[in-house]
Amino acid sequence: MLKAIDRDRFRVIPIGITREGAFVLEEDDFQKFALIPENMPEVADNGTRVLWPEAAGKRTLRVRRADGEIIDLGAVDVVLPILHGPHGEDGTIQGFFDTLDIPYAGGGVLDSAVCMDKHFMKIVLAAAGVPVAPSITIRQEEWAGDLGELVARTAHLTLPWFIKPARAGSSVGVSKVHTIDELPAALEVAFREDEKVLIEQGVRGREIEVGVLEGRSGGEAKVSLPGEIVLTTREFYDFEGKYLGGEGVEVVCPADMTDADTASVKDLARRAFAAVDGIGLARVDFFLTADGPVVNELNTMPGFTPISMFPKCWEASGLSYADLVSELIETALERIA
C-alpha cells in the first residue's frame, strides 16, 4: 500500500508497531516491508514514539525522537489501520481511534470484533439466515485429551475437519485432519494461538472470494467480481499460499462461473456484510457447493499484497490498486463529514 497510494493526493505518515506495542515513526520505504520468505520484515524499535492526540477532536500527531525532541507531524485526516490479527482487526485499535475521534478506514468496533471471532461470526450469520459450515467450539480448559468425548460431540460432523483458532487470522494455527487420531496434534497447534478453537466440517466446493466495499452516501454495498482459489498440490490455502506466493495454489480472478452463481455469491456477500453491520470493506469467502454458496468467513482487513485476492478482484472489476486505496480513504472521510 505504501507503493500504491496516490502520492499526488495524499501525504503518508508511516507508523509501525513493535512486538512490544510501541508506536514508532517508520521509514516511508515500501521495499523495507516486502514479504520475503527468507527475511520477513519486522518493525524495530528505533527509539521514536508517536504521540497520539491528547484529547478527542485534536487530530495533531507528534513524534518524540530518540534524542527527546518533539516534532509536530501535522493534523491527521484518516488512519489506514493495515493490521492483521489481535489488536489490529478485532475492534481494539478501532475503539482507540473512536475514543480519539480520529477517522479511520475499514471496519468498526462491532464488525471487526464479530468477524475476528469465528465462533460468534457463525452465530450472527446463521441468525441472519446466511449458510455456514457446521462446527463445534472447544475451549482449552475443556480439552483433557479425551478423544471419546470429542467423538460424541462431533458425531454430526463429516471428516475431514478443519481445526481453527477462533480468533487468529491469515490461516495461522489452522490444520486439516482426516482421521480422529490426527485431532490431538491439530488442537495443540491451534491452542498455541487461541484458547478457543473451532472443529469445522470440511465443505466440498469451489473456494470463491469476493471483495465488498461500503456504499457511498448511504448507498448499497458494492461487490467485486468473484475470484477463485484453485489448489493444485497444497492441502489448503495457508499462510504461505496467501502471502508468500507459495507453490500449489493459483488465484484466478475473475472466476469462471455462471451468471446465476455469480449473482448468488454477490447477493449473499451483501447479506453477510449487512448481518455483521459491515463498515468500510470486507472480503467474503465462500464454498460454492452443488447446493449453492456457503459462507466460510468474513475478513474485515483482508490481505493487500499484490497477490492477494481482495485487490485482484477489484482490479478485475475495473478498480485499480491505487484507486482502491483512495476509495477506502474517501469513504472514511465521507463517513464523518
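This text gives an overview of the structure that appears in the document. (Residues numbered from 1 in each chain as written. Predicted model: local features only at pLDDT ≥ 70, side-chain atom pairs only at ≥ 80, totals over all residues. Heavy atoms only, no water.)

### Focus on the packing of aromatic side chains
This is how the line gets drawn: Here the aromatic set is Phe, Tyr and Trp, taking the six-membered ring for Trp, and pairing holds for ring centres within 6.5 Å; pairs whose planes are under 30 degrees apart are stacked, those over 60 apart are edge-to-face, and all others are tilted. Helix numbers and strand numbers start at the N terminus; a helix is a DSSP run of H or I with at least 4 residues, a strand a run of E with at least 2. Throughout, exposure labels follow a simple rule: accessible area from a 1.4 Å probe, protein chains only, divided by the maximum for the residue type, with under 20% read as buried, over 50% as exposed, and the rest as partly exposed.
Scanning the model with the defined rule gives 8 aromatic pairs in all. Centroid distance Phe304 to Tyr321: 6.3 Å. Interplanar angle 55°. Geometry classified as tilted. Separated by 17 residues along the polypeptide, Phe304 in the loop between strand 15 (292-299) and helix 8 (309-316) and Tyr321 in helix 9 (residues 321-336) bring together distant segments of the chain. Using a relative accessible area of 14% as the deciding quantity, one classes Tyr321 as buried. Here a set of aromatic residues connected by ring pairs shows up, and it is made of Phe23, Trp52, Phe96, Phe97 and Tyr104.

### A short note on the packing of helix 2 (residues 109-116) against helix 3 (residues 118-127)
Rules: For every element, the axis is a line fit to its C-alpha atoms; helices are fit only across the contacting stretch, and the angle between N-to-C directions ranges from 0 to 180 degrees. Roughly parallel means an angle under 35 degrees; roughly antiparallel, over 145; roughly perpendicular, 65 to 115; everything else is oblique. Whether two residues are in contact is decided by their heavy atoms, any of which lying within 4.5 Å being enough. Here the nonpolar group is Ala, Val, Leu, Ile, Met, Phe, Trp, Tyr, Cys and Pro; Asp, Glu, Lys and Arg are the charged ones; every other residue, Gly included, is treated as polar.
It is the contact of helix 2 with helix 3, at a shortest axis distance of 5 Å, that shows an interaxial angle of 110°. Here helix 3 runs roughly perpendicular to helix 2, going by the angle between their axes. Mapping the contact onto sequence places Val114, Cys115 and Met116 in helix 2 and Lys118, Phe120, Met121 and Val124 in helix 3. Split by residue class, the contact of helix 2 with helix 3 holds 6 nonpolar, no polar and 1 charged.

### Describing the pairing of strand 4 (residues 60-64)
Here is the rule we go by: Pairing between strands requires that DSSP locate at least two bridges from one strand to the other.
Of the two faces of strand 4, the one lined by Leu61 and Val63 is fully buried and the one lined by Thr60, Arg62 and Arg64 carries no buried residue. Note that strand 3 (residues 49-51) and strand 4 share 3 bridges and pair antiparallel. Residue pairing across strands places Arg49 opposite Arg64, the latter belonging to strand 4. The pairing of strand 4 with strand 5 (residues 70-75) spans 5 bridges and is classified as antiparallel. In the sheet register, Arg64 faces strand 5, and the bridge partner there is Ile70. Where strand 4 hands over to strand 5, the hairpin turn is made up of 5 residues, of which Gly68 adopts a positive phi near 100°.

### Topic: the side chain of Asp285
To be explicit about the condition: Whenever a nitrogen or oxygen atom comes within 3.5 Å of another N or O atom, the pair is scored as a polar contact, on the condition that within protein one atom can donate a hydrogen and the other can accept it, and that pairs from neighbouring residues in sequence are kept only if both atoms are in side chains.
Relative to the assigned elements, Asp285 resides in strand 14 (residues 281-289). Relative accessible area serves as the criterion here: at 6%, Asp285 is assigned to the buried category. Within the structure, the side chain of Asp285 is placed 2.8 Å from the side chain of Arg283, a separation counted as a polar contact. Not counting residues within four places of it along the chain, the set of residues in contact with Asp285 comprises Ile208, Glu209, Val294, Val295, Asn296 and Glu297.

### Thoughts on the sheet that holds strand 4
With antiparallel pairing, 3 strands are arranged side by side in an open sheet as 3-4-5. The open sheet terminates on both sides in strands that have one partner only, identified here as strand 3 and strand 5. For this sheet, the mean inter-axis angle between neighbouring strands, taken without regard to orientation, is 25°.

### Digging into the sheet that holds strand 8 (residues 175-177)
With antiparallel pairing, the 4 strands of this open sheet are ordered in space as 6-9-7-8. Each edge of the sheet is formed by a strand with only one pairing partner; in this case those strands are strand 6 (135-139) and strand 8. On average, each strand axis in the sheet is tilted by 25° relative to the strand beside it, whichever way the strands run. As paired elements, strand 6 and strand 9 (residues 196-201) share 5 bridges and run antiparallel to each other. Paired with Thr137 across the two strands is Leu198, which belongs to strand 9. Running over the sheet, helix 3 touches strand 6, strand 7 (161-165) and strand 9 and is turned about 50° from strand 9. Relative to strand 7, helix 5 (residues 183-191) is tilted by about 25°, and along the sheet it contacts strand 6, strand 7, strand 8 and strand 9.

Geometry only, nothing functional implied.
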